[in-house]
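Residues per chain, in single letters:
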Amino acid sequence: MKKKHHYHGFFKKYQNVYLYIAILVGCGLCMGIILSNYIDVNDIQNLSAYLTTIDSNVNKYDYFISQFFLGILFILFVFLLGTSIAGIPIISFVVFTKGLQIGFSCALFVATYQMKGIVGILLTLLPQVVFDLLATFLISASAIQLSMYIVYSCTNRERLDFRKLFNTVLNDIFICFLIMLVGAYLKSTIVIEFIKLFNLM
């Protein structure tokens with residue numbers, strides 16, 4: 001009797017993968033903080049402009065569309081990586097770089113603004129990365145799981161229900177699109193106002 005392989009809801013089926021992703025993000029974050037210590041003071045001053053500077057005349061609708069479009073591209077890119085056998089190490093690297101960017105940005109805030117930088121992290125950086133991280137966790141876990149199923153199918157010569165598998169992954173992609181939609185809306189509205197407020201402090 002053949003053993004049946006089930007593809008359950010994304011919270012339960014991905015719990016071990018989430019832990020793996022969290023470790024990668026945490027390592028990337030720490031690495032970003034460490035690497036920031038080796039940056040020249042003048043470079044920090046130049047890079048600090050990218051943390052909070054925003055055009056006061058920015059078109060919020062255009063900014064929303066661009067952020068949402070970039071989010072969709074990222075989700076589809078990670079998903080496509082999951083359709084290959086070599087997807088797992090590449091996805092792992094992408095997740096690690098996400099943590100690296102966040103850690104570097106946090107260190108840059110503190111190095112540039114000292115104690116005020118902590119306010120900057122909470123006020124401007126955190127609202128931007130929360131939804132990005134949620135979508136990254138879900139799509140990365142889904143893609144890694146998909147890649148693992150493909151590897152299992154190839155090595156064991158056992159046919160899996162790929163139709164059901166892809167339908168479930170597509171559900172995960174749809175949820176990620178919704179997360180990115182909310183995140184893009186917040187970035188183009190509340191976060192922009194928070195950044196302007198921080199620049200006035």
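Let me begin by describing the structure that accompanies this report. (Residues numbered from 1 in each chain as written. Predicted model: local features only at pLDDT ≥ 70, side-chain atom pairs only at ≥ 80, totals over all residues. Heavy atoms only, no water.)

Re the nonpolar core
Stated precisely, the cut-off is as follows: Among the buried residues, those of types Ala, Val, Leu, Ile, Met, Phe, Trp, Tyr and Cys that are joined through side-chain atoms within 4.5 Å form a nonpolar core. Each residue is assigned to one of three classes by its accessible area relative to the maximum for its type, calculated with a 1.4 Å probe on protein chains only: buried under 20%, partly exposed between the two thresholds, exposed over 50%. Note on conventions: DSSP H or I runs of at least 4 residues are helices, E runs of at least 2 residues are strands, and numbering of each starts at the N terminus. The contact rule is simple, with two residues in contact once any of their heavy atoms fall within 4.5 Å.
Ranked by internal contacts, the top residues of the largest apolar core, which has 29 residues, are Ile21, Ile91 and Ile139. Looking at which element gives the most residues to this core, the answer is helix α7 (residues 115-156), with nine residues. When residues no more than four places from it in sequence are discounted, the contact partners of Ile139 are Phe74, Ile75, Val78, Phe79, Ile173 and Cys176. Among the nonpolar cores identified, the runner-up in size contains eight residues, and Ile102, Phe109, Ile121 and Phe198 belong to it.

Some words on the pattern of salt bridges
To keep it simple, the criterion reads: What makes a salt bridge here is a side-chain nitrogen of Lys or Arg within 4 Å of a carboxyl oxygen of Asp or Glu, nothing more.
For the structure on display, the rule yields two salt bridges. Residue Glu193 is joined to Lys60 by a salt bridge in which the shortest nitrogen-to-oxygen separation is 2.9 Å. Of the two residues, Glu193 sits in helix α8 (residues 162-200) while Lys60 sits in helix α5 (residues 60-82), which places them 133 residues apart along the sequence. Relative accessible area serves as the criterion here: at 38%, Glu193 is assigned to the partly exposed category. Notably, a salt bridge pairs Asp132 with Lys187, separated by 2.8 Å at the nearest N-O pair. With Asp132 in helix α7 and Lys187 in helix α8, this residue pair connects regions lying 55 residues apart in the sequence.

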